[in-house]
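# Secondary and tertiary structure notes
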Amino acid sequence: IHAVVGENGAGKSTLLRALAGLAPGRAATAEVLGGSGLPRSAAEAEARGLGHAPQELLLCDDLSVAEQVTLGREPRRRSGLVDRAAQRERATLLLGHAGASLDPDARVGGLRAPERKLVQIARALAGEPRLLLLDEPSASLDAPAAAAVARLARAWTRRGASVLLVTHQVEEVLARADVVTVLRDGRHVSTGPAAGLDAAELVARMVGRTLP
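This report concerns the structure included in the present document. (Residues numbered from 1 in each chain as written. Predicted model: local features only at pLDDT ≥ 70, side-chain atom pairs only at ≥ 80, totals over all residues. Heavy atoms only, no water.)

### Re helix 6 (residues 143-158)
The condition that has to hold: Secondary structure counts use DSSP, requiring at least four H or I residues in a row for a helix and at least two E residues in a row for a strand, with both numbered from the N terminus. Every helix has an expected span of 1.5 Å times one less than the residues it contains. Buried residues are those whose accessible area, probed at 1.4 Å on protein chains only, stays under 20% of the maximum for their type, while exposed residues exceed 50% and partly exposed ones sit between those limits. What makes two residues a contact is simply this: any of their non-hydrogen atoms within 4.5 Å. Whenever a nitrogen or oxygen atom comes within 3.5 Å of another N or O atom, the pair is scored as a polar contact, on the condition that within protein one atom can donate a hydrogen and the other can accept it, and that pairs from neighbouring residues in sequence are kept only if both atoms are in side chains.
Between the first and last C-alpha of helix 6 there are 23 Å, a value that for 16 residues agrees with the 22 Å anticipated at 1.5 Å per step. Looking only at helix 6, the buried set comprises A145, A146, A148, V149, A150, L152, A153, W156 and T157. Those residues of helix 6 that are buried are in contact with helix 4 (84-97), helix 5 (113-125), strand 5 (131-135), strand 6 (162-166) and helix 7 (170-176). Measuring from the side-chain oxygen of the N-cap residue of helix 6 to the backbone nitrogen of A145 gives 2.9 Å; that N-cap residue is D142.

### Focus on the packing of helix 4 against helix 5
Our working definition: Convention adopted: a line fitted to C-alpha atoms gives each axis, helices being fitted over their contacting stretch, and angles between N-to-C directions are expressed from 0 to 180 degrees. Geometric relationships in this document are graded by angle, where less than 35 degrees denotes roughly parallel, more than 145 denotes roughly antiparallel, 65 to 115 denotes roughly perpendicular, and other angles denote oblique. Note: crossing handedness is left-handed where the near helix turns anticlockwise from the far helix by less than a right angle, and right-handed where it turns clockwise. Classification used: nonpolar for Ala, Val, Leu, Ile, Met, Phe, Trp, Tyr, Cys and Pro, charged for Asp, Glu, Lys and Arg, polar for all others including Gly.
One can describe the packing of helix 4 onto helix 5 by two numbers: an axis separation of 8 Å at closest approach and a directional angle of 110°. Taken together, the axes of helix 4 and helix 5 are roughly perpendicular relative to one another. By crossing handedness, the relation of helix 4 to helix 5 is classed as right-handed. Contacts between helix 4 and helix 5 involve R90, L94, L95 and H97 on the former and, on the latter, L118, V119, A122 and L125. Here the residues of the contact of helix 4 with helix 5 are counted per class, giving six nonpolar, one polar and one charged.

### Details of the layout of surface pockets
Rules: Within this scheme a cavity is a closed region of a 1 Å grid, computed over the protein atoms alone, that accommodates a 1.4 Å probe without allowing it to escape, whereas a pocket is open but has protein on both sides within 12 Å along at least five of seven lines; lining residues each have an atom within 4 Å of a point. Grid points are joined across faces, edges and corners, and a volume is the space filled by probe spheres set on the points.
In this structure, the largest pocket occupies an estimated 350 Å³ of space. Lining the largest pocket are 16 residues, with A42, E46, H52, P54 and R123 sitting closest to its centre. Every element with two or more residues in the lining of the largest pocket is listed here: helix 2 (42-47), strand 4 (50-53) and helix 5. Broken down by class, the residue content of the lining of the largest pocket amounts to ten nonpolar, four polar and two charged.

### Overview of unusual backbone geometry
Note: most peptide bonds trans; most residues except glycine with negative phi. The backbone of E136 shows a phi angle near 50°, a positive value even though the residue is not glycine. Along the chain, E136 turns up in the loop between strand 5 and helix 6.

### A closer look at the side chain of Q87
Structurally, Q87 can be placed in helix 4. Overall, the relative accessible area of 3% leaves Q87 in the buried class. In this view, Q87 contacts A66, E67, T70, E74, P75 and V82; residues no more than four positions away in its chain are not counted.

### Remarks on the nonpolar core
Operational definition: Nonpolar cores are built from buried Ala, Val, Leu, Ile, Met, Phe, Trp, Tyr and Cys residues. Side-chain atoms within 4.5 Å join them into one set.
Residues V69, L95 and V119 are the most contacted members of the largest nonpolar core, which totals 33 residues. Mapped onto this core, the elements with two or more residues apiece are helix 3 (65-69), helix 4, helix 5, strand 5, helix 6 and strand 6. In this structure, L95 is in contact with V65, V69, A100, L102, L118, V119 and A122, ignoring residues within four places of it in sequence. Membership of the second largest hydrophobic core comes to 17 residues, among which are L19, A30, L50 and L183.

### Looking at the side chain of R48
For R48, the location among the structural elements is in the loop between helix 2 and strand 4. Its relative accessible area of 15% is what places R48 among the buried residues. The residues touching R48, leaving out its near neighbours within four places in the chain, are V32, L33, G35, S36, G37, L38, P39 and R130.

Structure, rendered in structure tokens:
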């Protein structure tokens with residue numbers, strides 16, 4: 001789990017959007033999952049093995065939970081029609097990974113904000129990503145749901161994948177991350193192990209000075 005931290009405006013979410021193929025044309029040098037350069041679209045990012053759960057709730061209110069979670073990856077019958085039973089089963093599995101117990105037939109527009117957040121995270125898992133991008137995943141979640149997402153991140157690394165975690169919560173970084181990168185004003189400040197890093201030092205790197 002590689003945490004990316006910094007103050008507001010440091011460039012954390014911009015970095016994740018670029019990796020997710022949502023910043024086409026951005027000049028950058030990148031090596032991502034064996035591919036050279038940034039993905040040019042969200043579809044290319046998914047094809048290269050990235051899954052992205054952005055901070056913003058980018059969901060379709062008129063879809064069912066199952067339809068939203070499997071959007072673009074719907075299980076189909078030989079006839080080409082969507083296999084609704086398999087779709088609900090797959091969505092329930094992915095929601096379970098995210099720590100959510102939701103009716104797969106419920107409409108997304110009728111969900112509360114924390115539930116919508118978990119649906120978005122489950123959607124990011126649909127392609128079995130090798131690099132999971134989580135932007136402020138615990139925002140708007142209560143403590144049990146945030147803990148479930150933390151367990152998901154660790155479980156995903158045990159599958160041989162990596163997690164890039166953007167969060168402003170210093171305690172979450174120190175408790176969950178293996179590696180920490182600090183950004184400030186759009187520039188790289190440091191990257192190193194989380195072990196041995198304390199809150200005061202991390203905040204000092206984020207703001208560029210030691211706080212009293």
